[in-house]
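One letter stands for each residue in the lines below.
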Amino acid sequence: MTALVTLGEAMAVLAADRPGPLASGASLRLGFAGAEATVAIGVSRLGHPASWTGRVGADSAGTMILDALRGEAVDVTRARVDDTAPTGLMLRERRTPDHTRVTYYRRGLAGARLIPEDIDPELVARARVLHVTGITPALGDGPRAAVRRAVDLARAAGVTVSLDLNYRARLWTRQEAAAELTDLVTRADVVFAGPEEASLVVPEADPATMARTLLDLGPREAVLKLGARGAVAVTHDGEAAQDIVPVTAVDPIGAGDAFVAGYLAGILDGTPLLGRLLLAATCGAFAVASSGDWEGLPRRAELDLLHGADVTR
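In this text the structure is predicted, and so the values were computed from the model without any measurement.

What counts and how
- Residues numbered from 1 in each chain as written.
- Predicted model: local features only at pLDDT ≥ 70, side-chain atom pairs only at ≥ 80, totals over all residues.
- Heavy atoms only, no water.
- Phe/Tyr/Trp six-rings, centres within 6.5 Å; stacked < 30°, edge-to-face > 60°.
- Helix = DSSP H or I, 4+ residues; strand = E, 2+ residues; numbered from the N terminus.
- Buried < 20%, exposed > 50% of the residue type's maximum accessible area, 1.4 Å probe, protein only.
- Polar contact = N/O pair within 3.5 Å; in protein donor to acceptor, adjacent residues only side chain to side chain.
- Pairing = 2+ DSSP bridges.
- Right-handed = clockwise from strand over helix to strand, strands pointing away.

Undergrad: What should I look at first to understand the packing of aromatic side chains in this one?
TA: For any pair of aromatic rings, geometry is given as the distance between the ring centres together with the angle between the planes. Inspection of the entire model under this criterion finds two aromatic pairs. Look at Phe32 and Trp294: their rings are 5.1 Å apart centre to centre, the planes differ by 40 degrees, and that puts the pair in the tilted class. On the criterion of sequence distance, the pair formed by Phe32 in strand E3 (residues 28-33) and Trp294 in the segment after helix H9 (273-288) is long-range, its members being 262 residues apart. Neither Phe32 nor Trp294 differs from the other in exposure class; each is buried. Between Phe192 and Tyr263 the ring centres are 5.4 Å apart and the planes differ by 85 degrees, which places this aromatic pair in the edge-to-face class. Pair noted here: Phe192 is in strand E12 (residues 190-193) and Tyr263 is in helix H8 (residues 255-269), with a separation of 71 residues, a long-range link. For Phe192, a relative accessible area of 0% puts it in the buried group.

Undergrad: Please clarify how the side chain of Ser51 should be interpreted in this entry.
TA: Relative to the elements of secondary structure, Ser51 occurs in strand E4 (residues 50-53). There is a polar contact of 3.4 Å between the side chain of Ser51 and the backbone oxygen of Asp75.

Undergrad: How should I be thinking about the pairing of strand E11 (residues 160-164) in this particular structure?
TA: Remember that side chains alternate between the two faces of the sheet whenever the strand is regular. Burial analysis of E11 places five of its five residues in the buried class, the great majority of the element. Residues Thr160, Ser162 and Asp164 point to one face of E11 and Val161 and Leu163 to the other, with burial holding for every one of them. Here strand E10 (residues 129-133) pairs with E11 via five bridges, running parallel. Each residue of the ladder has a partner; that of Val129, found in E11, is Thr160. Remark: the E10/helix H4 (residues 141-157)/E11 crossover connection has right-handed handedness.

Shape is all these values report; function is a separate question.
Have a look at this one:
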């Protein structure tokens with residue numbers, strides 16, 4: 001049985017090694033990124049089988065992405081190599097030490113060509129958790145229909161549906177996002193969001209109130225990610241807050257996805273709410289303490305390296 005099934009876009013990343021404008025001769029680091037792929041890697045590193053479904057191009061970037069996911073023990077047997085479109089690309093520029101500028105090349109490319117037929121019904125039905133994000137339905141009609149099909153299959157099979165709102169303003173308007181994400185929230189079991197993202201679906205308020213209001217729409221758990229202020233989670237059995245696990249921050253990219261990976265691993269572990277939040281915060285701390293989207297995600301044996309993070313089995 002695959003513990004976690006997820007689907008979405010993964011793209012190659014060229015990231016500047018040092019601050020300053022991109023210019024001839026600039027040094028760039030090659031990697032890849034994708035919110036759902038990061039969650040799959042995070043859950044896999046914590047000992048739970050994970051599967052990722054998506055499309056990459058028949059090119060070196062696509063090969064690199066699939067090889068890296070296989071190397072992280074993520075099942076990519078349902079991923080498709082699309083020979084009609086190249087793999088998407090993200091160009092990440094550190095314009096100043098404190099400001100990162102990102103340019104995406106994704107429209108019409110392989111990752112945005114996901115369709116419902118790419119979803120394996122048996123794989124979803126055998127999973128314990130299906131994880132989706134608000135990024136994938138924003139990519140177009142095909143990806144949106146693929147997410148809906150995956151959620152329908154999971155609900156029919158009694159599989160826990162996890163949703164991270166992950167609103168991307170460059171991909172669709174707030175009005176478009178609000179309609180689609182509200183529908184997904186009503187069909188999810190666990191919902192993650194930042195306060196601004198949550199305001200697409202529920203009225204603005206303090207984080208705990210927003211989480212409770214999300215819960216009223218149907219989920220059994222709602223988690224508000226608050227960045228440097230930690231997180232708040234509300235369930236039908238109670239609520240809890242979690243401070244960040246202090247580390248020296250190197251790169252904030254990927255922290256939210258690392259948090260989600262830790263929380264879902266806690267669900268798969270059968271850990272109570274406070275333990276899930278601590279594991280999530282610990283994974284987020286590891287992520288910001290390293291460069292890259294997913295490279296710093298912890299393995300189970302490393303969790304006690306951070307002071308106060310006694311979350312090992």
